[in-house]
Amino acid sequence: MADLFHECGIAAVYQLPGEISPLVSGGKSENAARMIPRLLIEIQNRGQLAAGMTSYRPDKDQLLETHKDVGSVSEVFHISRQLEFEPLMESLSGPAAIGHVRYATCGRDDRNYAQPFERSHIEKTKWFSFAFNGQLSNYRELRDEILSRRNFHLSRDTDTEILMHLICEQLSGDRQPRLHQVLSALAQQLDGAYNIAFLNSRGDMFVARDPLGLRPLCYSIEDNLFLAASESVALANLGVPRDRIYNLEPGHAIIIEDGRLRKVAFAESPGSAHCFFEWIYFANVASVLDERSVYLTRKRLGEALAHQETLTCDDQTIVVPVPDTAKAAADSMAFELKVPSLEGLIRNRYVGRTFIDGANRADKVRMKYTPLPEVLRGKRVLLVEDTIVRSTTMKALISQIRERGEAKEIHVRVACPPIIAPCFYGIDMSTVTELFAPKYLDGHSGRLTPEIEARMASDLGADSLRFLDPEAIAHSVGLPAERLCQGCITGDYPTPTGQRLYQLALEKSVSPSNGSGRIFDEPLSLAVK
């Protein structure tokens, strides 16, 4: 769904002392850092605005070297231009490195917001770089507390800078804390989602996952080579056997200090709250997150849609997915209904997100999707989408399928329940008043009825509309509902600040003095990754 964007993704690599892994090119430990661009390409789906990496170079005066910029991974690292790529990789060579891909929810599209964030210092333990995936839902409180101190200043509107300040506090003065102590102290201050990859100029590293495990984080250890990434597909495509790719437990970190690796629990986990959207939309379909296959999840979503279907299918009925993330659900739905699943929409993969230049949403959809009349003409189309957020893209898409595709009927089927609330944990999701579903559910205690779906369909320009039953989410993922964060479809958030922000959002959405549904007159998703 073009209306929904993720925050970012992280990666890390460390060739430990001893035998060099066959995965490291040339059998040289300093080539380990060269693996970061490859890892980042595999998680490019998580962020396409900026990319960067920091490498540890123990044999150079500049012990940490950071390269980052606005653009795709290929653009930032000049991957398609060998004469530029090779010297760049040579300058970033080293046995350890961290990397990041970014999508921003607000803020400027400039290099200053790209990650990793590096902080230089003459003391090795205080010279560090880190990359961050998630969102601190108590960002505003942390920011106000910092700015209340007379001599403190923040130059960016981002929780990444807040996190840098908090890490610096733990390392200030004569303190010499171990990395697990730094993480334990941070955990007492942070509310929200935070996966962190950290590297200092002593060559110490950690990758950490927040106590609720809201965002995925995978790792492997292969012949003294440590690898980590936001998604398993990044490690698998480097050649790591799938049975040797592990999910880092919530509240745990892999720490490398003095050349020795260990896994530690830095915070008590009250129980997991994995974001269900990772499986139904964000993650690469080839990934396995927390032991649950993304592809099989989407397949089961399609099966659930088919079991809900009340439309009588005939030989003029076809299923058409909205490319690309809805394809697995659409195919399995069609299989269950015994009707064809056809590519009636062709996506232009050379067009980026739909905030590209254009006069209006319809123009942008026309650039991004091409309806095929030879597939759609005269057909009853079951149009399968993974979610509807604002509805602007869906309205334009339905119009294009009807006018240019010449479809006879368009029946929208959504492999997700209605989105009724914003996300405070790292997804660029609209404010309450900008969301499609809430205005239809007012006065119905949040219950979705056939009458409400009919009104929604009419406003979209569709012949009918069906959302997935909420109970189908946990079943499709294969985890109990209490182990998932489903705040955006239930209004029930797993952290205190999330609950408080939602109540504020509801109050703002009905306030006559502020019809925007915004908190602090700013977007609900404040983080810039």
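Bear in mind that the values here come from a model prediction, so they are computed numbers and not experimental data.

With that settled, consider the sheet that holds strand E18 (residues 317-321). Read from one edge to the other, the open sheet built from four strands follows the order E18-E21-E22-E24, with strand pairing classed as parallel. In the strand order of this sheet, the two ends are held by E18 and strand E24 (464-467), each with one partner. Put simply, the sheet's adjacent strands are angled 20° from each other on average, direction ignored. Summarising the sheet, strand E22 (residues 409-414) and E24 pair through four bridges and their orientation is parallel. In the sheet register, Val412 faces E24, and the bridge partner there is Leu465. Contacting strand E21 (380-385) and E22, helix H13 (residues 392-403) crosses the sheet at an angle of about 150° to E22.

Let us now look at the packing of helix H9 (residues 294-308) against helix H10 (residues 327-337). Orientation of H9 relative to H10, taken along the N-to-C sense of each, is 45°, at an axis distance of 7 Å. Classed by the angle they form, the pair H9 and H10 counts as oblique. When you trace H9 past H10, the crossing you get is right-handed. On H10, the residues that touch Tyr295, Arg298, Lys299, Gly302, Glu303, Leu305, Ala306 and His307 of H9 are Ala328, Ala329, Ser332, Met333, Glu336 and Leu337. A per-class count over the contact of H9 with H10 returns seven nonpolar, three polar and four charged.

As a further point, take the confidence of the model for the protein chain. Of the residues in the protein chain, 91% have a pLDDT of 70 or more, and the chain-wide mean is 90. Counting interchain partners and residues more than four positions distant, the pLDDT-below-50 stretch residues 1-5 has 33 contacts. A low-confidence stretch, residues 512-529 (pLDDT under 50), is modelled with 73 contacts involving residues beyond four sequence positions or located in other chains.

Within strand E7 (residues 128-136), nine of the nine residues are buried, leaving the element largely enclosed by the surrounding structure. Relative to E7, strand E6 (residues 117-119) is paired through three bridges, and the arrangement is antiparallel. Along E7, the bridge assignment pairs Glu118 with Ser129.

What counts as what
- Residues numbered from 1 in each chain as written.
- Predicted model: local features only at pLDDT ≥ 70, side-chain atom pairs only at ≥ 80, totals over all residues.
- Heavy atoms only, no water.
- Pairing = 2+ DSSP bridges.
- Helix = DSSP H or I, 4+ residues; strand = E, 2+ residues; numbered from the N terminus.
- Axes fitted to C-alpha atoms, helices over the stretch in contact; angles between N-to-C directions.
- Contact = heavy atoms within 4.5 Å.
- Parallel < 35°, antiparallel > 145°, perpendicular 65-115°, else oblique.
- Left-handed = near helix turned anticlockwise from the far one by under 90°.
- Nonpolar A, V, L, I, M, F, W, Y, C, P; charged D, E, K, R; others polar.
- pLDDT = per-residue confidence, 0-100.
- Buried < 20%, exposed > 50% of the residue type's maximum accessible area, 1.4 Å probe, protein only.

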